[in-house]
Amino acid sequence: MNPRHLAALSLFLLFAPAGVMRVAASPQAAQHFDAKLFQELRWRSIGPSRGGRALAVAGVRGQPEVYYFGSVGGGIWKTDDAGRTWNPIFDSQPIASIGAIAVAPSDSNVIYAGSGEADMRSSISYGNGMYKSTDGGKTWTPTGLEDSRQIGRILVDPRDANKVFVAALGHAYGPNQERGVFRSKDGGKSWQKILFHDENTGAIDLAFEPGNSKTI
């Protein structure tokens with residue numbers, strides 16, 4: 001399932017009669033399993049039913065029941081019990097549209113959120129830049145890129161929670177300069193534009209080479 005289209009109104013997990021099957025990326029080489037082991041798995045909704053469309057989802061390494069998701073019009077939500085209950089943790093901020101979330105692999109208290117949904121459609125909500133939390137989502141601080149409007153992806157270096165990469169789509173229906181790929185080496189205090197084509201071209205996605213964060 002494409003993480004950009006997880007749900008129209010809710011999130012889903014794979015469910016088997018014995019419990020929940022958590023799907024997570026591994027830095028190790030891919031392993032092959034007999035398909036029959038998964039034939040009884042079914043998707044089920046884990047809510048919240050009023051969460052809205054979800055583009056951004058992030059888990060926490062070593063904490064298999066903790067997840068965050070960003071709604072395109074409802075802020076950021078967190079679960080500590082694998083989706084049985086959800087709590088809104090972004091309501092105090094002036095913007096509600098979230099396009100990307102990333103939890104720092106080296107420090108799970110550090111969370112970056114990019115505001116503004118980056119899925120082009122007939123009607124989309126804009127954002128006002130990047131946000132950062134250093135206490136697991138309890139409080140948030142704006143960290144720049146205010147005119148990026150729509151942010152599609154955030155990468156955090158696996159070994160350095162202050163080294164962050166952002167793919168910014170920019171203004172959805174017009175030209176602007178604050179778009180492309182940005183990098184911060186100081187946790188969002190300052191940003192460097194490291195990939196820019198022109199004022200009409202934005203960035204939508206980023207990925208590290210597995211096991212090598214120097215290659216993007």
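It should be emphasised that the depicted structure is a prediction, and the values quoted were computed from it without experimental measurement.

Observations regarding the overall build of the protein
Here is step 1 of the chain: Looking only at helices and strands, the protein features 0 helices and 15 strands.
Here is step 2 of the chain: Looking at the protein as a whole, 46% of its 216 residues are labelled buried.
Here is step 3 of the chain: Looking at the protein alone, contacts between residues at least 24 apart form 49% of all its contacts between residues at least 6 apart.

Some words on the side chain of Ser71
Here is step 1 of the chain: Looking at where Ser71 falls in the secondary structure, it is placed in strand β5 (residues 63-71).
Here is step 2 of the chain: In this structure the side chain of Ser71 is engaged in a polar contact, spanning 3.2 Å, whose partner is the backbone nitrogen of Gly73.
Here is step 3 of the chain: A distance of 3.0 Å separates the side chain of Ser71 from the backbone nitrogen of Gly74, its partner in a polar contact.

Quick notes on the pattern of salt bridges
Here is step 1 of the chain: Per the stated rule, a full pass over the model turns up 3 salt bridges.
Here is step 2 of the chain: Measuring nitrogen to oxygen at the nearest pair gives 3.7 Å for the salt bridge that ties Glu65 to Arg84. Taken together, the positions of Glu65 in strand β5 and Arg84 in the loop between β6 (75-79) and β7 (87-88) put the pair 19 residues apart, joining distant regions of the chain.
Here is step 3 of the chain: A salt bridge links Asp80 to Lys78, with the shortest nitrogen-to-oxygen separation between them at 3.9 Å.
Here is step 4 of the chain: Since its relative accessible area comes to 48%, Asp80 is described here as partly exposed.

Regarding a nonpolar patch on the surface
Here is step 1 of the chain: A grouping of Phe33, Leu37 and Phe38 is seen on the molecular surface, where their side chains present a nonpolar patch of about 340 Å² in accessible area.
Here is step 2 of the chain: Assignment of secondary structure puts Leu37 in the loop between β2 (19-21) and β3 (42-47).

Quick look at the packing of aromatic side chains
Here is step 1 of the chain: Tallied over the entire structure, the rule returns 6 aromatic pairs.
Here is step 2 of the chain: Residues Phe69 and Trp77 carry aromatic rings whose centres are separated by 6.3 Å and whose planes lie at 5° to one another, so their mutual orientation is stacked.
Here is step 3 of the chain: By relative accessible area, Phe69 is classed as buried at 2%.
Here is step 4 of the chain: Summarising the aromatic geometry, the rings of Phe165 and Phe208 are spaced 6.0 Å apart at their centres and angled 85° between planes, so their arrangement reads as edge-to-face. With Phe165 in strand β13 (residues 164-168) and Phe208 in the segment after β15 (192-195), this pair connects stretches of sequence that are 43 residues apart.
Here is step 5 of the chain: Here a set of aromatic residues connected by ring pairs shows up, and it is made of Phe69, Trp77 and Trp86.
Here is step 6 of the chain: One cation-aromatic arrangement involves Arg149 over Tyr126; the distance from NZ or CZ to the ring centre is 5.3 Å.
Here is step 7 of the chain: The lysine or arginine in question, Lys193, covers the ring of Phe196, its NZ or CZ lying 4.1 Å from the ring centre.

Considerations on the environment of Gly188
Here is step 1 of the chain: Its place among the elements puts Gly188 in the loop between β14 (180-184) and β15.
Here is step 2 of the chain: Separated by 47 residues in sequence, Gly188 and Thr141 have C-alpha atoms that sit 9.9 Å apart.

Things to note about the sheet that holds β13
Here is step 1 of the chain: The sheet built from 4 strands is open, its strands ordered β12-β13-β14-β15 with antiparallel pairing. Pairing within the sheet leaves two strands with one partner each, and these edge strands are β12 (151-156) and β15. Strand-to-strand twist of the sheet, defined as the mean angle between neighbouring strand axes without regard to direction, takes the value 25°.

Looking at unusual backbone geometry
Here is step 1 of the chain: With a phi close to 60°, Leu145 is a non-glycine residue in the positive phi region.
Here is step 2 of the chain: The residue Leu145 is located in the loop between β11 (141-142) and β12 in this model.
Here is step 3 of the chain: Given a relative accessible area of 5%, Leu145 falls into the buried group.
Here is step 4 of the chain: Within the chain, Arg149 stands out as a residue other than glycine whose phi angle is a positive 65°.

Cut-offs and rules
- Here the residue index of a chain counts from 1 through its sequence in written order.
- Per-residue local features of the predicted model are confined to residues with pLDDT of at least 70, and side-chain atom pairs are confined, for both listing and counting, to 80 or more; whole-chain, interface and lining totals are unaffected and use all residues.
- To get the side-chain values, all heavy atoms of the structure are used, and hydrogens and water are removed first.
- Each helix corresponds to a stretch of at least 4 residues labelled H or I by DSSP, and each strand to a stretch of at least 2 residues labelled E; elements are numbered beginning at the N terminus.
- A simple rule labels every residue: compare its accessible area, found with a 1.4 Å probe on the protein chains alone, to the largest value its type can have, and call it buried under 20%, exposed over 50%, or partly exposed in between.
- What makes two residues a contact is simply this: any of their non-hydrogen atoms within 4.5 Å.
- Distance and chemistry together define a polar contact, namely a pair of N or O atoms within 3.5 Å, with one atom able to donate a hydrogen and the other to accept it when in protein, and with adjacent residues in sequence counting only for side-chain atoms on both sides.
- Any carboxyl oxygen of Asp or Glu that lies within 4 Å of a side-chain nitrogen of Lys or Arg is treated as forming a salt bridge with it.
- The residues that make up patches have over 30% relative accessible area and no salt bridge, and they are joined within 9 Å when like-charged or within 5 Å when they are Val, Leu, Ile, Met, Phe, Trp or Tyr.
- Computed with a 1.4 Å probe, the accessible areas rest on the Shrake-Rupley method; for each residue, only the protein chains presented here act as cover.
- Pairing of aromatic side chains here covers Phe, Tyr and the six-membered ring of Trp, requires ring centres within 6.5 Å, and sorts the geometry by plane angle: under 30 degrees stacked, over 60 edge-to-face, intermediate tilted.
- In this analysis the charged atom, NZ for Lys or CZ for Arg, is taken to sit over a ring once it is within 6 Å of the ring centre and within 35 degrees of the ring normal.
- At least two bridges found by DSSP between two strands are what make those strands a pair.
- Orientation is described by axes fitted as lines to C-alpha atoms, over the contacting stretch for helices, and by angles from 0 to 180 degrees between their N-to-C directions.

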